[in-house]
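# Geometric and topological summary
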Amino acid sequence: MCGIIGAASSRSVGKILVNGLKKMEYRGYDSAGLILNQEEKAVQIRTLGKVSNLEEAMVQEKPKADSGIAHTRWATHGAPSEANAHPHGSCDNIYIVHNGIIENHNDLREQLTNKGYAIKSETDSELIAHLIHSNKSKGKNTLEALIKTTKELDGAYSIAVIDTDEKGKVFAAKQKSPLLVGKGIEENFVASDPLAIAGLAESFYLLEDGDFAEITKTDIRIFGSDGNEVNREETPIDTNIQEVTKDGYKHFMEKEIYEQPEAISRAVEGRTTEGEVLDNIFGLGSSEAFKNVKRIQFVACGTSLHAAKTARKWFEELCETPCYIDFASEYRYRNPLVEDHTLFVCISQSGETADTMAALNYAKEKKYLGIVTICNVPTSTMARESDWKIFTNAGPEIGVASTKAFTTQLAALLLLACAISKIKKINNDKRANAIDDLHQAPDLVKESFGLKKHIDEIVEKIADKKNALYLGRGVYFSIAQEGALKLKEISYIHAEAYPAGELKHGPLALVDEMTPVVALAPEDELVEKLLSNLEEVKSRGGTLYVFGNSGSKIKIDKGKFMNMPECGYYNAPIVYTIPLQILAYEVACSRGTDLDQPRNLAKSVTVE
Ligand code: G6P
């Protein structure tokens, strides 16, 4: 899982490529590199670590060329190192950058070694360069050699290629990893994400699986899997993504936390009227199809999975529909038994996560009622491959730790629950409450930002610890899981969440004065039970930090009780998420971690 970009232009492309990589660092940031197809000799620069290191190296070397390709890496095959960084070359002639995984790499390595190719890295990607070179040496031109090469590859790839004999050209191929061709003025691009070429290109063509492209500064040619030229739909670049900046915030994550009121409003806007959800907000024919839903199967990864877990109760209450929830990476390996009239729902910020995508493809072969995708990226593969979809409209999320994507997913899930309950004509009052709560959510989220001051007072007490426990009951257990995930992702403090009732069945053994325990205690039907669980923590010397309502009966030092806004039943899980995000963010800031790009992680995981 990596980001790739290529450019052919009437101006020098070095800076364009580096800036494009910077915008795609969410896809990986353990090493970066580029090759510029200069007139005399191609110049290759590769650096370990972030794109800023590549940028520094560029400043020193000042290479100039009107075409080139570049890559930011998240290591899969081979450790992060300069030798494993892309681009990879063959015989000083063919250079490639690759995103994806080549599954038959062992066979190819053996085959190419026998042919006399010296393989210099541990990557599967390098083999692609040698294969193209080998096919070209059999009398094919570069494009033909690329097409022939892809027939020999098993797996997923988006590839950009330059040939030192073909100055001013970039070639590309796509199979199961995202790739688009961007159209500018006197310059054209290939890239993994429109974000990389925002501000440069006016529009783009999404490539389909099996497509190839050849670009120069003036021409774009796209070919289908049979090698014949094809037309793909031209999409204007969304002006909202033209400039993604931190707007004065220290980190993207911080900005994205504080953008949530507007993001949630956008997720709901135009999809409801007074007390009712509009028909077909998931696409034409969706409402009619939802009439027959008897069960729902959710699949997702990471934060998106927590959204499904939180929303289950809404589906059970509003639509009286049982739900199954699977880790996308596990779902298809348990040979799921699909009952009639089961709706399959994918949740994904990016709409590209390989495990979720693989689950979706698997589900297509099964007798599901249909596939719904809830995602934030309208151009994503999942959106295109689903029967019905809704976009969360959160706007670009750059911080690796997901924030506004999660709360807008909750809003979209509540809309889905309402849409099903409406067509089934059940629970009309509850549905009206749910919609009312959705409309109130942005203001309540804004109000919850007021807790930041209080959270600041407890930050240092958590920042120096090695472990933390998060507790909740009912849907608040899922919110606690999301809070714990945030803390561990960006502060590297080991944090686990438990349903509070489980505490005594094991985790209580971990409780001591060195283990902060964060508990979510809204005044709901489970609060009394939660209170006794929290007493168990107190009596073992644990330090409790509680987020709850003003009327809470919990007896705890004021400094450790965070007074939440008075929320509605349906919007409280959204609102209770916010202080946990702020807590994780502030703790990570205090520990000085790289919190927009935490170690070992990437935002878009396009490998299984
Ligand atoms: C990665 C990200 C997580 C995200 C997960 C699923 O692990 O670091 O923040 O929740 O992928 O991503 P998706 O785009 O499918 O929601």
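## Here we look at the nonpolar core
- F290, F298, F315 and Y470 are the most contacted members of the largest nonpolar core, which has 92 residues in total.
- In this structure, this core is formed jointly by two domains, domain 2 (252-445) and domain 3 (452-591), each of which donates at least three residues.
- Ignoring anything within four residues of it in the chain, the contact list for F298 reads A308, F315, C323, Y324, I325, D326, V345, I347 and L413.
- Counting residues in each nonpolar core, the second largest holds 33 residues, with I5, I45, V51 and A70 among its members.

## Here's the deal with the site of the ligand
- Within the structure, the ligand sits among 14 residues, and S304, S348, Q349, S350 and T353 are positioned closest to it.
- One of the side-chain N or O atoms of S348 is found 2.6 Å from an oxygen atom in the ligand.
- Here the ligand loses 89% of its free accessible area of 390 Å² to cover by the protein chains.
- Top element by residues in the shell around the ligand is helix α9 (residues 302-318). It accounts for three residues.
- A breakdown of the residues in the shell around the ligand according to their chemical character gives four nonpolar, eight polar and two charged.

## A word on unusual backbone geometry
- Cis rather than trans, the peptide bond between H86 and P87 has omega equal to -5°.
- Position of P87 relative to the elements: it lies in the loop between β4 (67-73) and β5 (88-90).
- Backbone geometry places E320, a non-glycine residue, at a positive phi of 55°.
- By the element assignment, E320 lies in the loop between α9 and β18 (323-327).
- On the accessibility criterion, E320 (51% relative accessible area) is exposed.

## So, the sheet that holds strand β25 (residues 543-548)
- The strand order across the open sheet formed by five strands is β23-β22-β24-β25-β26, and the pairing between neighbours is parallel. At either margin of the open sheet sits one strand with a lone partner, and together these are β23 (494-499) and β26 (561-563). Taking each pair of neighbouring strands and ignoring which way they run, the sheet shows an average axis angle of 20°.
- Of the pairings in the sheet, the one linking strand β24 (residues 516-521) to β25 comprises six bridges and is parallel in character. In the strand pairing of β25, P516 is matched with T543.
- Sheet contacts for helix α18 (residues 572-591): β22 (467-472), β24 and β25; angle to β24, the most-contacted strand, approximately 160°.

## Some words on the sheet that holds β5
- If you walk across this open sheet you meet the six strands as β5-β6-β7-β8-β12-β13, and the pairing is antiparallel. Of all the strands in the sheet, the pair left with one neighbour each is β5 and β13 (220-223). With direction set aside, neighbouring strand axes in the sheet form an average angle of 20°.
- Relative to strand β6 (residues 94-102), β5 is paired through three bridges, and the arrangement is antiparallel. Considered in β6, the bridge of S90 is made with I94.
- Together, β5, β6 and β7 (155-163) form the strand contacts of helix α4 (residues 126-136), whose direction differs from that of β6 by roughly 130°.

## A short note on the state of the cysteines
- Within this structure, the stated rule accounts for zero disulfides.
- Of the cysteine sulfurs around C323, a residue in no disulfide, the closest is that of C319, at 7.4 Å.
- You can call C323 buried: its relative accessible area is 7%.

## Structural notes on the domain arrangement of the chain
- Split into domains, the chain comes out as domain 1 (2-241), domain 2 (252-445) and domain 3 (452-591).
- Each partner contributes to the interface: domain 2 provides 32 residues, whereas domain 3 provides 26 residues.
- Summing the contributions of domain 2 and of domain 3, the shared interface buries around 2500 Å²; its carbon and sulfur component is 65%.
- Between the two partners, domain 2 and domain 3, sit zero salt bridges.
- Joining domain 2 to domain 3, the criterion identifies 13 residue pairs in polar contact (both at pLDDT 80 or more).

## Regarding the packing of aromatic side chains
- Going through the model one piece at a time under the given rule, you end up with 10 aromatic pairs.
- Centre to centre, the rings of Y476 and Y576 are 5.4 Å apart; their planes meet at 70°, and the pair counts as edge-to-face. With Y476 in helix α16 (residues 475-491) and Y576 in helix α18, this pair connects stretches of sequence that are 100 residues apart. The same class applies to Y476 and to Y576, which are both buried.
- Through a chain of ring-to-ring contacts, the aromatic side chains of Y331, F344, Y362 and Y368 assemble into a single cluster.
- Positioned above the aromatic ring of Y29, the side-chain terminus of K50 is 5.8 Å from the ring centre.
- Here the guanidinium or amino end of R599 rests over the ring plane of Y492, the centre of that ring lying 3.9 Å away.

Reading guide: rules and limits
Residues numbered from 1 in each chain as written. Predicted model: local features only at pLDDT ≥ 70, side-chain atom pairs only at ≥ 80, totals over all residues. Heavy atoms only, no water. Core = buried A, V, L, I, M, F, W, Y, C linked by side-chain atoms within 4.5 Å. Buried < 20%, exposed > 50% of the residue type's maximum accessible area, 1.4 Å probe, protein only. Domains from an automatic or database assignment. Contact = heavy atoms within 4.5 Å. Near = heavy atom within 4 Å. Polar contact = N/O pair within 3.5 Å; in protein donor to acceptor, adjacent residues only side chain to side chain. Areas by Shrake-Rupley, 256 points an atom, 1.4 Å probe, with all protein chains shown as cover. Helix = DSSP H or I, 4+ residues; strand = E, 2+ residues; numbered from the N terminus. Nonpolar A, V, L, I, M, F, W, Y, C, P; charged D, E, K, R; others polar. Pairing = 2+ DSSP bridges. Axes fitted to C-alpha atoms, helices over the stretch in contact; angles between N-to-C directions. Disulfide = S-S within 2.5 Å. Buried area = accessible area lost by both parts, 1.4 Å probe. Salt bridge = Lys/Arg side-chain N within 4 Å of Asp/Glu carboxyl O. Phe/Tyr/Trp six-rings, centres within 6.5 Å; stacked < 30°, edge-to-face > 60°. Lys NZ or Arg CZ within 6 Å of the ring centre and 35° of its normal.

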